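Coordinate analysis (summary)
Chain residues, written in single-letter form:
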Amino acid sequence: MTISAKITLAALVLLASLDIRATRSLTRFEYHQNHMGTQFNIVLYADRNDLAEKASNAAFARVAELNLRYSDYRDESELNELCRTAADRPVRISEDLFLALSLSSEWSELTGGAFDITAAPVIRLWRRARRIKEIPDQDYIRKARSLVGYRQLQMDQKARTVRLAKSGMQLDLGGIAKGLAADEALAVLAREGIDRALVAAGGDVVTGEAPPNSPGWVVGVAPFAALQKTPLAQLVLRHAAVSTSGDAEQYLEIEGIRYSHIIDPRTGMAIIGAGSVTVVAGKGSISDPAATALSVIGPDKGLRLVDSGLSKFGPLAAIFVQVENGKIATRESQGWKKMMKYE
Ligand code: ADP
Ligand code: MG
């Protein structure tokens, strides 16, 4: 070994130990708040309590702000205001809402309407059905369906306006809002100087830089936890997101048939036997709608789409999980094994 190589090696060893010293003083902080009908969890590493607190408060405030734009539950949300006014004329909307609507339209185009935020009238029928434990009447479904269609959501990018082609149309961002909000929370933390962070919003998890001295955040995939002693997969994520959608939690069961809270906008029917779909991608705003869309599309077409047609969203992988006769059965996209360690 030449001397200069030795020096370089010594310098590298020194740098590595400096790095350990720099990260050793970092403390793990964890915060929770309820937003968007679920619990948002933030885990982060910081060297000072006050900085951690300030950053997490700012991140939660951003989620609350987005909820006021995206919520279909709150009358005063920008989304509901849009639905009340945009049938008559194009309405100018915030950048946040425009982004959510544009991404949603992209997923609608990509999936031929399997993902469709204009499905709200049908989604509401099925929400009520879960409450009263009765399948909606075909007449009601037909009526609701007449208001559904992503092409009726007309967007003008330059003017940042939206028009709804039919009066009575409703929008529901439930399939994408949490992924978007988690991304934004992570971005706020980064702006506050904290990059070693994870934000979890129910089934949507986004990660920034890895925890100190580790390759990434370990996230277990266990959609049917009651049937599994250990998680189905252990992901190690860094600057990546994972979303799980499906009927493991919210569903309606009638005569042994399990109707998902995800519906097929093209038929107006709740998905039956959806199982669970987990998607790993670069961002929550990709993994979240992808998981919802794939629940509608199913494994045959869905895996083909992931393996061949979604490269514009960067690396992406999916696993479909079904329970058959009390046993777990899985089908995964080609990239799944590699994406388990996404960096
Ligand atoms: P969650 O984590 O709340 O289960 P998902 O990302 O799985 O969310 O999306 C489910 C939600 O998306 C539903 O509660 C509903 O609000 C909305 N949704 C249902 N079906 C569709 C669909 N085909 N396209 C777009 N959004 C849908
Ligand atoms: Mg989703």
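Parameters at a glance
Each chain carries its own residue numbering, running from 1 in the direction its sequence is written. Just so you know, chain letters begin at A and ligand numbers begin at 1, following the order they were written in. Two thresholds apply to this predicted model, a pLDDT of at least 70 for residue-level local features and 80 or more for giving and counting side-chain atom pairs, whereas whole-chain, interface and lining totals are computed over all residues. Calculated side-chain values reflect all of the structure's heavy atoms, with hydrogen atoms and water omitted. Summary of the distance rule: residues count as near a molecule or strand when at least one heavy atom falls within 4 Å of that molecule or strand. Polar contact is the term for a pair of N or O atoms within 3.5 Å; when the atoms are in protein, one must be able to donate a hydrogen and the other to accept it, and sequence-neighboring residues count only if both atoms are side-chain atoms. Note on areas: Shrake-Rupley with a 1.4 Å probe; residue coverage comes only from the protein chains shown. Note on conventions: DSSP H or I runs of at least 4 residues are helices, E runs of at least 2 residues are strands, and numbering of each starts at the N terminus. Lys, Arg, Asp and Glu make up the charged group, whereas Ala, Val, Leu, Ile, Met, Phe, Trp, Tyr, Cys and Pro make up the nonpolar group; the residues left over, Gly among them, are polar. When checking whether two residues touch, look at their non-hydrogen atoms; a contact exists if any pair is within 4.5 Å. For Na, K and Ca the donor cutoff is 3.2 Å, while for all other metals N, O and S atoms count as donors only within 2.8 Å; water does not appear among the atoms, so some sites may look incomplete. The buried label goes to any residue with under 20% of its type's maximum accessible area, the exposed label to any with over 50%, and the partly exposed label to all in between, with areas taken from a 1.4 Å probe on protein chains only.

For ligand 1, the set of nearby residues contains 16 residues, the closest of which are Lys-178, Ser-245, His-261, Ile-263 and Thr-292. Between a nitrogen atom of ligand 1 and a main-chain N or O atom of Asp-116, the distance comes to 3.0 Å. Between ligand 1 and Asp-288 there is a distance of 2.9 Å, counted from an oxygen atom to a side-chain nitrogen or oxygen. Bound to the protein, ligand 1 loses 90% of the 560 Å² it would expose on its own. Elements represented by at least two residues in the shell around ligand 1 include exactly β12 (257–264) and α8 (284–297). Residue classes in the shell around ligand 1 are distributed as 7 nonpolar, 5 polar and 4 charged.

Let us now look at the environment of Arg-74. Considering the arrangement of structural elements, one finds Arg-74 in the loop between α2 (49–70) and α3 (78–85). The residues contacting Arg-74, other than those within four sequence positions of it, are Asn-67, Leu-68 and Asn-80.

This next bit is on the coordination of the magnesium ion (ligand 2). Ligation of the magnesium ion (ligand 2) by protein atoms is provided by Gly-175 (O), Asp-288 (O), Asp-288 (OD) and Thr-292 (OG1), these donors lying 1.9 to 2.7 Å from the ion. Look at where the donors of the magnesium ion (ligand 2) fall in the sequence and you get G-x112-D-x3-T. With Gly-175 in the loop between β5 (161–164) and α7 (177–191) and Thr-292 in helix α8, this residue pair connects regions lying 117 residues apart in the sequence. The pair formed by Gly-175 and Thr-292 is uniform in burial state, with each residue classed as buried.

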